[in-house]
Amino acid sequence: MSGPNRREFFAAAAGGAVLGAAPAAGAPRGRGRVVTPDGEPLPWRAVGGVKVFHLVAAPAMHEVVDGLRIHAWAYNGRVPGPTLEATEGDRCRIYVTNRLPEATSVHWHGVLLPNGMDGVGGLTQPPIPPGATFRYEFTFDRAGTFLYHPHIDEMTQVGLGMMGLIVVHPRRPTGPRVDRDYALLLAEFLVPAGQSRPEPQAPSDFNVLTINGRAYPGTTPMVAQSGERVRIRIGNLSPMDHHPIHLHGHVFEVVATNGGPVPPAARVPETTVLVPVGDVRTIEFVAGEPGDWAMHCHMTHHMMNQMGHARPAMVGAHIPDELEARLRRLVPGYMTMGTSGMAEMGAMQMPAPENSVAMKVAPGPFGHFDLGGMTTLLKVRARVDGEVGWYEHPAGTVARAATAEELRADGIEPE
Ligand SMILES: [Cu+2]
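Residues numbered from 1 in each chain as written. Predicted model: local features only at pLDDT ≥ 70, side-chain atom pairs only at ≥ 80, totals over all residues.

Student: Could you clarify how one ought to interpret the overall build of the chain in this entry?
Tutor: Check the secondary structure of the chain and you find five helices and 23 strands. Expressed as a percentage of the 415 residues in the chain, the buried residues total 39%. In the chain, 75% of the contacts between residues at least 6 apart in sequence involve partners at least 24 apart. (Helix = DSSP H or I, 4+ residues; strand = E, 2+ residues; numbered from the N terminus. Buried ≥ 20, exposed ≤ 12 C-beta atoms within 10 Å, placed from the backbone. Contact = placed C-beta atoms within 7 Å.)

And the structure:
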């Protein structure tokens, strides 16, 4: 066949009603389409009973959050690449065009397929040289959440953003009906402040922590109505770190991994799930109390942005004004920070290099809040229709300063 062009793909996609990674507030309900916040589905068209997809690997600029853009390597111009969606039993043909300066391949991570389709360059196939288009074809013979990524020079290619999610829906769904189905892919980069090129050879010190390629406050929230059953598929293709993802206000169960469903008898209640590199944890729960519930990696260095990393520990230090002034003569722009903790730094407009992001910049309904990096929100409402803003708390339900009378009444002497 002639190379399917982009317009044909989008026309087919629109016809198949798969286009439009709807903003979270417009998440489709019921079984079927998954929503990738900040992402989009990979368009496809049917050719003789086969679903045809096209991935193009090429360098691309990617915005992680307002103020920080990176020179990435991407699939179809996106980090992560578009979500490939299919139904159990679908025969799929996936063309992969290489517009990178080096060879690549695509591994379909967790998918059971013939060895020659496994995508390990040099082991199961010849590398895809720059300029070439390769053809993969196989059947998704089981439902689940899978991943795709290069299997040549992974350190560079994955490290620069080449990765994506695969969601295969069951042909005959079993189990309780799911009202909201979200897919998240975790990744991390080392981008020295002021640079735009991630350092893919970094073995540690990652300072840009992302969910679907975005760092808080750039992540689009998920939404749900109280009482709805919510599924969140969480994949991790970070180069080096497993991420303990914590959801506030809810108890969930891990119902599936990259390997398949977890038998109901083996599920345990959790509030945090460790998502290992190269795996998936799919959680389900019933949306509870209305509110804006944070969901984030619980490693403290992963819930903040670039500028908070690699600073000297100053908590408790006392820097006399005179010394501060002398330091500033020596190092223009020098400012002692963090002597009473780092919370103050979120609210401050610190002098920061071009193309960098302050550690915590999230404006919130009560000032700003100290979450950045690998953070998103689950907005639960009694009813969801249209835009979902900040939660408006019923009167008397927000923590506040205690009065002296209250303290005394409870046997605590006011300070
Ligand atoms: Cu983490």
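Student: Could you clarify how one ought to interpret the environment of Met162 in this entry?
Tutor: By the secondary structure assignment, Met162 is in the loop between α2 (154-159) and β9 (164-169). Not counting residues up to four positions away in its chain, the partners in contact with Met162 are Ala57, Trp73, Ala74, Tyr75, His149, Pro150 and Gln157.

Student: When you look at the pairing of strand β2 (residues 50-65) in this model, what are you seeing that I'm missing?
Tutor: The two faces of the sheet receive side chains in turn, since in a regular strand these alternate between them. By the bridge criterion, three bridges tie strand β1 (residues 45-47) to β2 in an arrangement that is antiparallel. By the bridge assignment for β2, Ala46 is matched with Lys51. In textbook terms, the turn of a hairpin is the stretch between consecutive antiparallel strands, and for β1 and β2 this stretch comprises two residues, one of which, Gly48, has a positive phi near 55°. Taken together, the seven bridges between β2 and strand β5 (residues 91-98) define a ladder with parallel strand orientation. Bridging from a neighbouring strand, Leu55 pairs with Val96 of β5. (Pairing = 2+ DSSP bridges.)

Student: Explain the sheet that holds strand β18 (residues 272-275) here, please?
Tutor: Across a sheet, strands are paired by hydrogen bonds formed along the backbone, either parallel or antiparallel in direction. Spatial strand order, β12-β23-β20-β14-β18: five strands in an open sheet with mixed pairing. Each end of this open sheet is capped by a strand with a single partner; those strands are β12 (222-225) and β18. Taken pair by pair, the neighbouring strands of this sheet meet at an average axis angle of 20°, ignoring direction. Pairing of strand β14 (residues 243-247) with strand β20 (residues 291-297), which is carried by three bridges, proceeds in the antiparallel orientation. The residue bridging His246 from the neighbouring strand is His296, located in β20. (Axes fitted to C-alpha atoms, helices over the stretch in contact; angles between N-to-C directions.)

Student: Sorry if this is basic, but what is going on with the nonpolar core here?
Tutor: Looking at soluble globular proteins, one finds that nonpolar side chains tend to be buried together. Formed by 86 residues in total, the largest nonpolar core has its most connected members in Phe53, Leu147, Met162, Ile166, Leu184, Leu186 and Leu378. Counting residues per element, this core draws most heavily on strand β10 (residues 180-189), at seven residues. With sequence-adjacent residues up to four places away left out, Leu186 is seen in contact with Ile211, Ile234, Gly235, Asn236, Ser238, His243, Val275 and Met374. (Core = buried A, V, L, I, M, F, W, Y, C linked by C-beta atoms within 7 Å.)

Student: Please explain the sheet that holds strand β6 (residues 107-109) as it appears in this structure.
Tutor: One open sheet accounts for four strands, arranged β4-β9-β8-β6; its pairing is mixed. The sheet is open, and its two borders are formed by β4 (84-87) and β6, each paired with just one other strand. The average angle at which neighbouring strand axes cross in this sheet is 25°, direction not considered. Across four bridges, the pairing between β4 and β9 is parallel.

Student: Is there a simple way to think about unusual backbone geometry in this case?
Tutor: Peptide bonds are, in most cases, trans, and in most cases residues other than glycine have a negative phi. The omega torsion across Val79 and Pro80 is -10°, close enough to zero to call that bond cis. Among the structural elements, Pro80 can be located in the loop between β3 (68-75) and β4. A cis amide bond, omega 10°, links Tyr216 with the succeeding residue Pro217. Its location among the elements puts Pro217 in the loop between β11 (208-211) and β12. The phi dihedral of Asn212 falls on the positive side, at around 50°, and the residue is not glycine. Assessed through the 25 C-beta atoms surrounding it within 10 Å, Asn212 is described here as buried.

Student: Can you walk me through the confidence of the model for the chain in this structure?
Tutor: Any region with low pLDDT has predicted coordinates that should not be read closely. Taken over all residues, the pLDDT of the chain has a mean of 87, while the share at 70 or more is 82%. Counting interchain partners and residues more than four positions distant, the pLDDT-below-50 stretch residues 1-32 has 56 contacts. (pLDDT = per-residue confidence, 0-100.)

Student: Sorry, what's going on with the environment of Asn76 here?
Tutor: As for its position among the elements, Asn76 is in the loop between β3 and β4. A tally of 20 C-beta atoms within 10 Å means that Asn76 is categorised as buried. It is 8.9 Å that separates the C-alpha atoms of Asn76 and Leu42, two residues lying 34 residues apart in sequence. What Asn76 contacts, discounting residues up to four positions off in sequence, is Leu55, Val56, Gly81 and Pro82.

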